[in-house]
Amino acid sequence: DQQVKQNSPSLSVQEGRISILNCDYTNSMFDYFLWYKKYPAEGPTFLISISSIKDKNEDGRFTVFLNKSAKHLSLHIVPSQPGDSAVYFCAAWSNTGKLIFGQGTTLQVKP
Amino acid sequence: DAGVIQSPRHEVTEMGQEVTLRCKPISGHDYLFWYRQTMMRGLELLIYFNNNVPIDDSGMPEDRFSAKMPNASFSTLKIQPSEPRDSAVYFCASSFGQGRGYTFGSGTRLTVV
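Here's a quick rundown of the structure. No experiment lies behind these values; they were computed from the predicted model shown. (Residues numbered from 1 in each chain as written. Chains lettered and ligands numbered in written order. Predicted model: local features only at pLDDT ≥ 70, side-chain atom pairs only at ≥ 80, totals over all residues. Heavy atoms only, no water.)

## Some words on the overall build of chain A
The helix and strand tally for chain A stands at zero helices and 11 strands. If you list the helices and strands of chain A from N to C, you get β-β-β-β-β-β-β-β-β-β-β. A globule of 111 residues ought to have a C-alpha radius of gyration of about 13 Å, and chain A, at 13 Å, matches this closely. When burial is assessed residue by residue, chain A has 49% of its 111 residues classed as buried. Look at the contacts in chain A between residues 6 or more apart in sequence, and 53% of them connect residues 24 or more apart. Each charge class in chain A can be summarised by its mean position, and for the 11 positive and 9 negative side chains these summaries are 3 Å apart. (Helix = DSSP H or I, 4+ residues; strand = E, 2+ residues; numbered from the N terminus. Rg over C-alpha atoms; globule rule 2.2 N^0.38 Å. Buried < 20%, exposed > 50% of the residue type's maximum accessible area, 1.4 Å probe, protein only. Contact = heavy atoms within 4.5 Å. Lys, Arg positive; Asp, Glu negative; His and termini not counted. Charge placed at Lys NZ, Arg CZ, Asp CG, Glu CD.)

## A closer look at the environment of T108(B)
Residues and elements named next belong to chain B. Topologically, T108 is positioned in strand β11 (residues 108-112). A C-alpha to C-alpha distance of 4.5 Å links T108 and R9, two positions 99 residues apart in sequence. Leave out the neighbours within four places in its chain, and T108 touches Q6, S7, P8, R9, L21, A88, V89 and Y90.

## As for the sheet that holds strand β6 (residues 56-59) of chain A
All names here are of chain A. Taken in spatial order, the five strands make up an open sheet running β1-β3-β8-β7-β6, and their pairing is antiparallel. Edge positions in the sheet fall to β1 (4-5) and β6, since each of these pairs with one other strand and no more. Sheet topology places β6 next to strand β7 (residues 62-67); four bridges connect them, and they run antiparallel. Across the sheet, N57 pairs through a bridge with V64, a residue of β7. (Pairing = 2+ DSSP bridges.)

## Regarding the side chain of K98(A)
You can see K98(A) is positioned in the loop between β9 (86-93) and β10 (99-101). Look at K98(A) and you get buried, because its relative accessible area is 18%. Within the local environment of K98(A), its side chain forms a polar contact with the side chain of D56(B), the two groups lying 2.8 Å apart. Side chain to side chain, K98(A) and S58(B) meet in a polar contact 3.1 Å long. Not counting the four nearest positions on each side in its chain, K98(A) is found in contact with A92(A), W93(A), L45(B), Y48(B), D56(B), S58(B) and Y102(B). (Polar contact = N/O pair within 3.5 Å; in protein donor to acceptor, adjacent residues only side chain to side chain.)

Geometric descriptors of this kind do not, in isolation, establish any biological role.
Structure (C-alpha cells):
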C-alpha cells in the first residue's frame, strides 16, 4: 500500500516558467515532509522540508506548500532552470521512525 | 568525509546466483538504511539499523534477502538466490540520530539475467 503517492510520473516545463510537483499522502500521522532531488547515476539529495505545523516553507527558488486537510503537498520551482531537470521524490516521516518515499516525478526543464 | 560509499556501482549476475551489495556509511552516523528504487514503487525501505542493530526489516521482500551490519562502518545486503525481478537500483543511506534528512550513496544498479 503506497502511503506517499506522486501520481505524475513526469513533467515538462519551459525554462523560466514555474514547475509544480505534487504529492499526496494517506497517513494523517505523518508530521514532517521532505523533497529529495535525484540526478542520473547519483543518490537522492535533500532539497527542502516542511513540518506539519506549517503550511509553507521557502528556500530561494524552491517553495513547499502543505495542505493537511487535503493530505497534499506541492513543490514549486520558480523560475525553473535546465539544471533543475531531475527526478524529485516526496517523502514523509512516519511515527514508526521510517522515511517513506513516493514513486518520484521526472522533471524536464527545456531551454 | 567521502559520503556514503556503495560498491559495486553495477552488478550483472545470472539468475540463481548470490549477490552481495556493500555500504560504508558516513563516520559517526548511527542509522543506516537500505532502499530499493523501482519504477512502480519509487524508493522502498528494505531494512534499517541503529547502532549496528537491525530495527525494522519489514520491507525485506522475502527470505532470499538478508542484511548485516557487523560494525559501525560496514553493512551488506545479500540476495540468495537472485531472480530477474530483483533487478533495481539499491541505495544505502545513513544519518546521525533519527533525524529528518538522510545522506544517500550513489547506489548499486543490479541486473539479474
